[in-house]
Structures are given as structure tokens and as C-alpha cells.
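# Structural description and commentary
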Amino acid sequence: MISTDILLLVLRVVLGLLFFGHGTQKLFGWWGGRGIQGTSKMLASLNIQPDKFWALIAGLGETLGGLGLVLGLYTPIAGALIVSVMLMAIIKVHWKNGLWNSNRGMEYQLLNIAVASVVGLSGPGLYSLDSLLNISYPMPWTFIIAVVLGILGVLAGLGSSVVTGQTQKMRGAEH
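For the structure given in this document, a descriptive report is provided here.

### A look at the nonpolar core
Ranked by size, the top nonpolar core spans 20 residues in total, and within it Leu 15, Leu 69, Ile 82, Val 83 and Met 86 carry the most contacts. Going through the elements one at a time, helix H1 (4-28), helix H4 (75-94), helix H5 (107-122) and helix H7 (141-174) are the ones with two or more residues in this core. Once residues lying within four places of it in the same chain are set aside, the contact partners of Leu 15 are Leu 69, Asn 112, Val 115 and Ala 116. Formed by 6 residues, the second largest nonpolar core is a distinct cluster that contains Leu 46, Ile 48, Trp 54 and Ala 55.

### Some words on the layout of surface pockets
Space inside the largest pocket adds up to approximately 1,000 Å³. Lining the largest pocket are 36 residues; nearest its centre among them are Lys 26, Ala 58, Glu 62, Val 85 and Ala 89. Listed by contribution, the elements that provide at least two residues to the lining of the largest pocket are H1, helix H2 (35-45), helix H3 (51-71), H4, H5 and H7. Counting residues per element, the lining of the largest pocket draws most heavily on H4, at 11 residues.

### Quick notes on the packing of H2 against H3
Between H2 and H3, the shortest axis-to-axis distance is 8 Å and the interhelical angle comes to 115 degrees. In terms of axis orientation, H2 runs roughly perpendicular to H3. Considering how the two elements wind past one another, H2 and H3 form a crossing that is right-handed. Each of Ile 36, Gln 37, Thr 39, Ser 40, Leu 43 and Ala 44 in H2 lies in contact with H3, whose residues at this interface are Asp 51, Lys 52, Trp 54, Ala 55 and Leu 56. In terms of residue class, the contact of H2 with H3 is built from 6 nonpolar, 3 polar and 2 charged.

Rules used throughout
- Residues numbered from 1 in each chain as written.
- Predicted model: local features only at pLDDT ≥ 70, side-chain atom pairs only at ≥ 80, totals over all residues.
- Heavy atoms only, no water.
- Core = buried A, V, L, I, M, F, W, Y, C linked by side-chain atoms within 4.5 Å.
- Buried < 20%, exposed > 50% of the residue type's maximum accessible area, 1.4 Å probe, protein only.
- Helix = DSSP H or I, 4+ residues; strand = E, 2+ residues; numbered from the N terminus.
- Contact = heavy atoms within 4.5 Å.
- 1 Å grid on protein atoms, 1.4 Å probe; cavity = no way out; pocket = protein on both sides within 12 Å on 5 of 7 lines; lining within 4 Å.
- Points joined across faces, edges and corners; volume = space filled by probe spheres on them.
- Axes fitted to C-alpha atoms, helices over the stretch in contact; angles between N-to-C directions.
- Parallel < 35°, antiparallel > 145°, perpendicular 65-115°, else oblique.
- Left-handed = near helix turned anticlockwise from the far one by under 90°.
- Nonpolar A, V, L, I, M, F, W, Y, C, P; charged D, E, K, R; others polar.

Structural data, given as C-alpha cells:
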């Protein structure tokens, strides 16, 4: 029987490396990514303003969340960062396309949320910096509070798109 600690390590490292890669694509243009400028343009096309600020937040959320999972450091917070970024992606991009990834739906993002939640709620396991450094958290509250804060961030980003849309409509009416 494989230990739960090894299974958590595998989940953490795989999800963490993927998100570290996605985040560094957004921030630095690594791995064929757009960098902060391209990410800003993409967010601006979704009416998320200020686009450079939210590009930085999205890139940092993915990079730091991914790195935290890989290292098993601040694991509930790292998991919550991934959940938050994926919620925004679902709401702004994938929801309208339904469930299946073949239609650009939210299947992939929901799977990431599930895995990040499992790791965030269960903790990093023995093979982690949290364990090595003897860092413990009041669970499940640390993860829940971090997710709630992440949801507030998502709502702020969504609110910025509403304000941006209204401002653009008002400017269009003036001309």
C-alpha cells in the first residue's frame, strides 16, 4: 500500500509544477507564455481593469500557489490561491461554454479546484516544508478563510469589469 504522504506529494508536485508554469507564462513569458503585457491585453479584452494589476495578481496567484504546493509550504493558502484563480477563469471565460473542455468549458478548471481543495484541506503530508519546519494550521479554517479571501478578490476583479463596462458604455454614449 502506498502511503498517503506519498500520494499527497505526487498531487502537490504535479499540480504545483503546472501552476508554477502557468504563472511564469503570465508573469515572464516563460514556456511560450504571453508575459505580463500579453496577459494584461487578454484581461483587458475581458474588461478586467486595471488590467496590468490583475495580470500581476493572476500571475502571482498561479506562481506562488504552484510553488507553495510543490514545496508543501503554506499549503492551505497555496491551495486557496489555485482555487481562486480557477474560479475567476471559470466565471470570466469557461462558464458560458458549459462543462466539457472540448468546447472550452470548465472541466479542467473544476478538476484543478478539486485537487487544490483536497491538498489544501488535507495538508501537505510528511514530505513537505510545512512538516519539516513544523508549521501547522488550524484546519479546516485556514483553508476556508483563505478561499473566502480569494473569493473576495475574485469579486473585486469581477466588480472592476462591471465598472469598466459601464464606463465604456458612458463614453460611447458621449460620442
